[in-house]
Amino acid sequence: MDKPVYKRILLKLSGEVLLGKSAFGIDTDVLKFVAEEIGDVRTLGVQIGVVIGGGNIFRGVEASARGIDRASADYMGMLATVMNSLALQNALENRGIPTRVQSAIEMKEIAEPFIKRRAARHLEKGRVVIFACGTGSPYFTTDTAASLRAMEMQADAILKATKVDGVYDKDPVKEKDARMFSKISYTEVLTRNLKVMDSTAVSMCRDNNLPLVVFNLEKTGNIRGVVCGEPIGTIVGGEK
Ligand code: GTP
């Protein structure tokens with residue numbers, strides 16, 4: 001049987017991942033796929049926290065560029081993450097996987113408030129905990145929320161799911177000769193300004209020595225593979 005190298009993970013999903021083939025909102029086929037992949041990893045006994053972005057519904061940064069006050073736009077983006085979190089919760093529970101949604105902004109009728117110790121207990125009990133509303137503060141991305149929650153939950157690693165295979169020296173979608181790193185240091189990511197996560201999220205991981213694996217979510221079995229230490233994607237760590 002596959003043996004996990006990480007016992008507790010924080011999975012970061014971008015809102016765009018949930019778009020799938022839709023132009024807007026949530027593609028339910030993608031949702032089902034993600035729920036199956038998470039369920040599969042859970043059978044290994046791995047504890048799973050999830051942070052989801054909201055870009056499939058609302059992009060705070062773009063809206064602020066078009067004249068909406070940045071803080072308001074960010075709060076709207078946080079609300080979008082709540083929709084995605086509830087959708088994922090539903091897809092997981094349809095598969096019999098116990099979940100809890102905890103929100104950084106209190107909205108008790110919809111989700112539990114974020115309480116660190118309670119979230120940790122949920123994880124210990126095998127529940128998938130979905131952290132909604134990012135950090136709860138404007139000007140921070142959901143990548144930073146993922147770093148923060150990973151640290152608070154003392155996760156062994158952050159798994160950042162993307163649409164490409166890992167971290168490249170240039171944009172692999174635009175440049176044919178882009179080269180993928182199998183391993184890279186946080187400092188190099190920052191100095192080369194590689195668009196892995198925003199710099200706040202990357203520096204938080206670096207300062208706390210938290211491994212980050214960037215990988216392609218669209219390939220079946222990739223989350224399991226990463227969790228079991230297979231050479232998938234790019235590992236960002238302390239040393240090169
Ligand atoms: P244990 O104490 O480990 O059994 O955890 P639990 O989450 O099952 O305990 P609890 O009885 O507090 O929660 C039961 C259900 O109510 C769960 O589905 C929780 O997610 C939900 N729940 C708890 N607190 C809140 C809240 O403040 N708001 C909302 N919307 N749901 C809540």
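Above this text sits the structure in question.
Residues numbered from 1 in each chain as written. Predicted model: local features only at pLDDT ≥ 70, side-chain atom pairs only at ≥ 80, totals over all residues. Heavy atoms only, no water.

Neighbouring residues of the ligand: R100, K108, E109, I110, A111, E112, P113, R118, H122, K125 and R127. Calculation on the ligand without its partners gives an accessible area of 620 Å², and the protein chains cover 52% of this total. Each residue belonging to the shell around the ligand can be placed in one class, and the counts come to 3 nonpolar, 1 polar and 7 charged. (Near = heavy atom within 4 Å. Areas by Shrake-Rupley, 256 points an atom, 1.4 Å probe, with all protein chains shown as cover. Nonpolar A, V, L, I, M, F, W, Y, C, P; charged D, E, K, R; others polar.)

A separate point is helix α2 (residues 28–42). Across its 15 residues, α2 extends 21 Å between first and last C-alpha, which sits within 8% of the 21 Å expected from 1.5 Å per residue. Against β1 (8–13), α1 (15–19), β2 (47–52), α4 (70–94), β5 (128–132) and α9 (222–227) lie the buried residues of α2. N-capping of α2 is provided by D27, with a side-chain oxygen placed 2.9 Å from the backbone N of D29. (Helix = DSSP H or I, 4+ residues; strand = E, 2+ residues; numbered from the N terminus. Expected span 1.5 Å × (residues − 1). Contact = heavy atoms within 4.5 Å. Polar contact = N/O pair within 3.5 Å; in protein donor to acceptor, adjacent residues only side chain to side chain.)

In terms of nonpolar packing, the biggest core is built from 42 residues, with L11, L13, I38, V50, L88, L159 and F215 touching the most fellow members. In contact with F215, not counting residues within four places along its chain, are L11, L159, K160, A161, T162, V164, D165, N222, I223, V226, I232 and G233. Of all hydrophobic cores here, the second largest spans 29 residues; its members include I184, V189, V196 and V236. (Core = buried A, V, L, I, M, F, W, Y, C linked by side-chain atoms within 4.5 Å. Buried < 20%, exposed > 50% of the residue type's maximum accessible area, 1.4 Å probe, protein only.)

Turning our attention to the packing of aromatic side chains. With the rule as written, the count across this model stands at 1 aromatic pair. Ring geometry for F114 versus F131: centroids 5.8 Å apart, planes at 70°, classification edge-to-face. Here the residue F114 occupies a position in the loop between β4 (112–113) and α5 (116–124), and F131 occupies one in strand β5, the gap between them amounting to 17 residues. Exposure class is identical for F114 and F131. Each is buried. (Phe/Tyr/Trp six-rings, centres within 6.5 Å; stacked < 30°, edge-to-face > 60°.)

The subject of this paragraph is α5. Looking at α5, one finds that the buried residues are A119, A120, H122 and L123. Axial view of α5: buried residues confined to an arc of 155°, hence all on one face. Tucked into the core, α5 has its buried residues touching β1, β2, β3 (99–103), β4 and β5. In the stretch just after α5, G126 is the one whose phi turns positive, near 85°. (Arc of directions from axis to C-beta.)

We now examine the sheet that holds β4. Sheet strands pair by backbone hydrogen bonding; their relative direction is either parallel or antiparallel. The strand order across the open sheet built from 9 strands is β4-β3-β5-β2-β1-β6-β10-β11-β9, with neighbouring strands paired in mixed fashion. Each end of this open sheet is capped by a strand with a single partner; those strands are β4 and β9 (183–185). Sheet analysis places β1 next to strand β6 (residues 157–162), joined by 5 bridges and oriented parallel. Within β6, the position partnered with L11 by the bridge is L159. Packing against the sheet, α2 makes contact with β1, β2 and β5, and its axis sits at approximately 155° to β2. Contacting β1, β2, β3 and β5, α4 runs over the sheet at an angle of about 165° to β5. (Pairing = 2+ DSSP bridges. Axes fitted to C-alpha atoms, helices over the stretch in contact; angles between N-to-C directions.)

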